[in-house]
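The residues making up each chain are set out below.
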Amino acid sequence: RAGSPSRNPPVICPDASGRRRTVPVVSFASLAQPTIAPLIERFAAAPQVTLVVGAGASMEAGLPSWPELIEKLLQRVARENPRLEEPADREDWIKRTLERDELLGAGAVVEVMADEDLELLLPQALYGDAGPAGYEPGPIADQVAKLRARFGERITILTTNYDDLIERALLGAGSTKRQIKPYVRRRTEPPAGAVPVTHLHGYAGRDGKPKRLVLTEEHYHQMQRGRSWQEEYVTERLENSLCLFIGTSLTDPNLIRYLYGYRASTRRHAAVFVRQGDLDYATPAVRSAREEAISKR
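Keep in mind it's a predicted model, so treat the numbers as computed, not measured.

Enquirer: What is the right way to read the overall build of the protein chain from this model?
Expert: For the protein chain, the count of helices and strands is 11 helices and 8 strands. The proportion of buried residues among the 297 residues of the protein chain is 41%. Here the analysis covers contacts within the protein chain between residues at least 6 apart in sequence; of these, 69% occur between residues at least 24 apart. Of the roughly 17,100 Å² that the protein chain leaves accessible, carbon and sulfur atoms contribute 52%.

If you want it as structure tokens, here you go:
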């Protein structure tokens, strides 16, 4: 939509259960993106398209963001620490840990101080008492599944999320449970008829034990030592397909590494951004300048 940023009238649409819900429609024209139609046509005509799905697909389903997840894990560790009996001390310790060590370092603090293994602790913090079965796919995951159903093996699905919301959406879009294959390593050629979903940072869905979870600074540095399978796979996709980044702010250090490192070509990838909550109460001038910086970067 051309023109200045504006909030448009809400749209009434059915949710997955058939109930009607109100969805606000927001104009993103201030990001100065190209018109949508040519973008759709370019991707529709591509022999291979890779969807790289980020935390937005999890957050819209009610799961925590990465910073929120780290803070929940720190709260759990702080409650178990006998030195931090006072609530004020726990809050101060969490605040100082996040400020000093940042998210990857804070993840490492959780790993070394927790009484439980990270593969048990992380899913508990991620899903809470509801467990993985307490969450269902939102619009992003549903649209990913519909694209896969429409375009078949032309679509490759990668995600940095631990959850199985994309798999659940694929199930709802007509794929069978037997067809859907979550991967946590560089896969060989999948079986005929399979619908693979590659989890770059590990998997903690409702079926089976958590696998190869990536959370701490050690995990991230291991992924940057030599050529990890994640780097090789994402780089191959960047060089041999059109990539669409969805639900990601493109601040993940590994994704940034892959984007700066792959062999340049005339192929034009794309990213879909949404307005961030930290700009809700910004002045128009601050919002405009911030979005200009995001777009140009």
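Enquirer: Quick question: what am I supposed to make of the pattern of salt bridges here?
Expert: Summed over all chains, the structure comprises 12 salt bridges. Across the salt bridge formed by Arg96 and Asp92, the nearest N and O atoms sit 2.8 Å from each other. Highlighted residues: Arg96 and Asp92, both in helix α4 (residues 87-113), separated by 4 residues, approximately one helical turn. Notably, a salt bridge pairs Glu291 with Arg287, separated by 3.7 Å at the nearest N-O pair. Of the two residues, Glu291 and Arg287 both sit in helix α11 (residues 284-296), 4 residues apart, roughly one turn of that helix. The pair formed by Glu291 and Arg287 is uniform in burial state, with each residue classed as buried. Counted as one network, the salt bridges with shared partners bring together Glu136, Asp164, Arg168 and Arg206.

Enquirer: Could you clarify how one ought to interpret the nonpolar core in this entry?
Expert: Nonpolar side chains tend toward joint burial in soluble globular proteins. Core analysis: the largest hydrophobic core is formed by 27 residues, its most contacted members being Leu69, Leu74, Trp93, Tyr162 and Leu215. Sorting the residues of this core by element identifies α3 (66-80), α4 and α5 (118-127) as the ones contributing at least two each. Counting residues in each nonpolar core, the second largest holds 22 residues, with Ala57, Ile140, Val195 and Leu244 among its members.

Definitions and limits used
Residues numbered from 1 in each chain as written. Predicted model: local features only at pLDDT ≥ 70, side-chain atom pairs only at ≥ 80, totals over all residues. Heavy atoms only, no water. Helix = DSSP H or I, 4+ residues; strand = E, 2+ residues; numbered from the N terminus. Buried < 20%, exposed > 50% of the residue type's maximum accessible area, 1.4 Å probe, protein only. Contact = heavy atoms within 4.5 Å. Areas by Shrake-Rupley, 256 points an atom, 1.4 Å probe, with all protein chains shown as cover. Salt bridge = Lys/Arg side-chain N within 4 Å of Asp/Glu carboxyl O. Core = buried A, V, L, I, M, F, W, Y, C linked by side-chain atoms within 4.5 Å.

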